[in-house]
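Letter by letter, the chains look like this.
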Amino acid sequence: RKEVEQDPGPFNVPEGATVAFNCTYSNSASQSFFWYRQDCRKEPKLLMSVYSSGNEDGRFTAQLNRASQYISLLIRDSKLSDSATYLCVVNGGSSNTGKLIFGQGTTLQVKP
Amino acid sequence: DAGVIQSPRHEVTEMGQEVTLRCKPISGHDYLFWYRQTMMRGLELLIYFNNNVPIDDSGMPEDRFSAKMPNASFSTLKIQPSEPRDSAVYFCASSFGQRGEQYFGPGTRLTVT
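Residues numbered from 1 in each chain as written. Chains lettered and ligands numbered in written order. Predicted model: local features only at pLDDT ≥ 70, side-chain atom pairs only at ≥ 80, totals over all residues. Heavy atoms only, no water.

1. Let's talk about the sheet that holds strand β7 (residues 65-71) of chain B
Strand pairing in a sheet is mediated by backbone hydrogen bonds. Such pairs are either parallel or antiparallel.
Residues and elements named next belong to chain B.
For step 1, the next point in the chain: Reading across the sheet, the four strands line up as β1-β3-β8-β7 and stay open at both edges, with antiparallel pairing between neighbours. Two strands lie at the open edges of the sheet, namely β1 (5-7) and β7, each paired on one side alone. Ignoring which end each strand starts from, the neighbouring axes of this sheet average 15° apart.
For step 2, the next point in the chain: Pairing of strand β3 (residues 19-24) with strand β8 (residues 74-79), which is carried by five bridges, proceeds in the antiparallel orientation. Bridged to Leu-21 within β8 is Leu-77. (Pairing = 2+ DSSP bridges. Helix = DSSP H or I, 4+ residues; strand = E, 2+ residues; numbered from the N terminus. Axes fitted to C-alpha atoms, helices over the stretch in contact; angles between N-to-C directions.)

Following this line, the structure appears as structure tokens:
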């Protein structure tokens, strides 16, 4: 079983749609959670951290369910510029918090 | 701020040759990470340093790979000898603090023929 699992997609949605991505992780000791965004042939960039209480940044909402070891990302009113690969990321557990483990990514294509 | 700088951006080499990838982290960052990305395996952490000291090299695939950080502003990842299966994009990233946001460089696209 992979340490971080995501549905690779692609998700093809029209502009203005709401889309949700899910991710599961295997290490119950993980303490930090993130969503990174990667554009085609570019480097990954931090989109947002994920907190236990859930957090929102504009059109983006992230949720964490520690009991189910599940993370989600919701994008509302999607824009063409949201087209990218979204990477679910968790740290390597309480003994290795510097190590980040990346999911394979979920590809989003927003169409006009 | 120039961000994380990597060189070369592209490298094409023949099997058996030595390859050296270079990274300059963001000034003031105390953590440096080397990653490899392929279609099959995604983004994998190879090794990371804290204050120039290697902390975890469990992701280094085999003895052909080595990494050094002689000072706070420079790191190298060396592959000797290179093999076609080493073809990938190699990213360097740096952060301030263990849980700080990791900033990635533009990557080095390596092709071994």
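Further notes follow.
2. Quick look at the state of the cysteines
For step 1, the next point in the chain: In total, this model carries two disulfides over all chains according to the counting rule given.
For step 2, the next point in the chain: Through a disulfide, A:Cys23 is tied to A:Cys88; the S-S separation comes to 2.0 Å. In this structure, the disulfide formed by A:Cys23 and A:Cys88 twists by about -75° around the S-S bond and is classed as left-handed. Of the two residues, A:Cys23 is situated in strand β3 (residues 19-25) and A:Cys88 in strand β9 (residues 84-91); the sequence distance between them amounts to 65 residues. The pair formed by A:Cys23 and A:Cys88 is uniform in burial state, with each residue classed as buried.
For step 3, the next point in the chain: Across a sulfur-sulfur distance of 1.9 Å, B:Cys23 and B:Cys92 are joined as a disulfide pair. In this structure, the disulfide formed by B:Cys23 and B:Cys92 twists by about -65° around the S-S bond and is classed as left-handed. A residue pair is termed long-range when its members are at least 10 positions apart, and B:Cys23 in strand β3 and B:Cys92 in strand β9 (residues 88-95) qualify at 69 residues. Of the two residues, B:Cys23 and B:Cys92, both sit in the buried class. (Disulfide = S-S within 2.5 Å. Buried < 20%, exposed > 50% of the residue type's maximum accessible area, 1.4 Å probe, protein only.)

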